[in-house]
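# Reading the structure
Spelled out, the chains give:
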Amino acid sequence: MNELTSTEHLVPPPWKLKGDGLILLYRFSPDFVRNQGWLTAEMGEFRGGLGALMLVDYETSGVGPYREVLFIPGRFKLGSVRAHSISKIYVSTQPSIVSGRANWGIPKEHAEFRRTHHDAVQGWQISTGGHDFLKISYTPGKLPFRVWTFPFFAPLVQRLDGKTFVSRIRAHGVCKLATIHDLQIDPAYLPDVTRAELLGAIRATKFTLTFPVPRVIPD
């Protein structure tokens, strides 16, 4: 049994998570998704719609604090289900990897995360094996607004290890718009979204997510 299938750190759903993060919103072209989206045949047919790159810092979760970066290309059609799906994701802790894969079919991998604050400018640096593959700096806006259920969270469908996981994630939080100053991505690790048009950036200053018990459809 390897570390990705070990049940030593497995914490079953539902989970309630609290934290903060940064959401970059896009409408990716089919060519971009096909060439850089880290798609698998199991994900179904890409149908466009809203996509995102998200950086999240969970203060609390079912497995304690952890950080993550994830890429959502957009909507997919998988059988009779049309939903968003995560094609690439890195997290900072092994318990999050084990539980995320087993509970919701999310294909989590490990990376190291560092956050920075220099006056009003904030940033993230993400690496693996000593190699930085994402660097970003941004400034949050000043006007807060409240959000209920981010649009690409309802539902989330993941295919992993011969199972389909359908999850309707609930979310609410306080957000601000953000200005991106610099974004560098190594496309060997994440899709290079700098080659796509950014629709907007949202700084979630505090939020609560509920990851439910999913509907699991075996092959």
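The text that follows walks through the structure, step by step, so that each part is easy to find. Keep in mind that what you see is a predicted model, and the values were worked out from it rather than measured. (Residues numbered from 1 in each chain as written. Predicted model: local features only at pLDDT ≥ 70, side-chain atom pairs only at ≥ 80, totals over all residues. Heavy atoms only, no water.)

In this section: the overall build of the chain. Helix and strand content of the chain: two helices and 17 strands. In terms of overall size, the chain behaves like a compact globule, its C-alpha atoms giving a radius of gyration of 16 Å where 219 residues would be expected to give roughly 17 Å. With the principal axes as the frame, the chain shows a C-alpha extent of 50 × 40 × 35 Å. By residue count, 52% of the 219 residues in the chain fall in the buried class. Taking contacts inside the chain between residues at least 6 apart in sequence as the whole, the part at least 24 apart equals 69%. Taken as a whole, the chain presents about 10,500 Å² of accessible surface, with 52% of it coming from carbon and sulfur. (Helix = DSSP H or I, 4+ residues; strand = E, 2+ residues; numbered from the N terminus. Rg over C-alpha atoms; globule rule 2.2 N^0.38 Å. Buried < 20%, exposed > 50% of the residue type's maximum accessible area, 1.4 Å probe, protein only. Contact = heavy atoms within 4.5 Å. Areas by Shrake-Rupley, 256 points an atom, 1.4 Å probe, with all protein chains shown as cover.)

Both strand β11 (residues 131–140) and strand β15 (residues 170–185) contribute to a ladder of seven bridges, which runs antiparallel. If you follow Pro140 over to β15, its bridge partner there is Ala178. Across four bridges, strand β12 (residues 145–148) lies against β15 in antiparallel orientation. Across the sheet, Arg146 pairs through a bridge with Val174, a residue of β15. Examined bridge by bridge, β15 and strand β16 (residues 198–211) share eight bridges and lie antiparallel to one another. Looking at the pairing, Val174 lines up with Lys206 of β16. (Pairing = 2+ DSSP bridges.)

Okay, the pattern of salt bridges next. Any two side chains of opposite charge can pair if their charged atoms end up close together. Tallied over the full model, the rule gives 10 salt bridges. For Glu42, the salt bridge identified is with Arg159, shortest N-O distance 3.6 Å. Here Glu42 is found in the loop between α1 (30–36) and β2 (45–48), whereas its partner Arg159 is found in strand β13 (residues 156–160), with 117 residues between them in sequence. Between Asp57 and Arg67 there is a salt bridge whose closest N-O contact spans 3.0 Å. Of this pair, Asp57 sits in strand β3 (residues 51–60) while Arg67 sits in strand β4 (residues 66–72), placing them 10 residues apart in sequence. Look at Arg67 and you get partly exposed, because its relative accessible area is 24%. By sharing partners, the salt bridges in this structure join Asp20, Asp57, Arg67, Arg115 and Arg203 into a single network. (Salt bridge = Lys/Arg side-chain N within 4 Å of Asp/Glu carboxyl O.)

A few words on the pairing of strand β9 (residues 112–118). Direction of pairing for β9 relative to strand β10 (residues 121–128): antiparallel, over a ladder of seven bridges. Residue Phe113 lies in a different strand from β10, and its bridge partner there is Ile126. Hairpin connection from β9 to β10: two residues lie between these consecutive antiparallel strands, with Asp119 at a positive phi of about 55°.

Moving on, we come to the packing of aromatic side chains. Here the distance between the centres and the angle between the planes together describe a pair of aromatic rings. Across all of its chains, the model carries 11 aromatic pairs by this definition. Note on Trp104 and Phe211: the rings are 5.0 Å apart at their centroids and 70° apart in plane angle, and the pair reads as edge-to-face. Taken as a pair, Trp104 in helix α2 (residues 94–104) and Phe211 in strand β16 lie far apart in primary sequence, 107 residues in all. Looking at Trp104, the relative accessible area reads 2%, which means it is buried. Ring centres 6.4 Å apart and planes at 80° place the aromatic pair Phe113 and Trp124 in the edge-to-face group. Taken as a pair, Phe113 in strand β9 and Trp124 in strand β10 lie far apart in primary sequence, 11 residues in all. Considered together, Phe113 and Trp124 belong to a single accessibility category, that of buried residues. (Phe/Tyr/Trp six-rings, centres within 6.5 Å; stacked < 30°, edge-to-face > 60°.)

This part takes up the side chain of Gln158. Assignment of secondary structure puts Gln158 in strand β13. A residue is classified by how much of its surface remains accessible, and Gln158, at 2% relative accessible area, is buried. A distance of 2.6 Å separates a polar atom in the side chain of Gln158 from the backbone nitrogen of Ile86. (Polar contact = N/O pair within 3.5 Å; in protein donor to acceptor, adjacent residues only side chain to side chain.)

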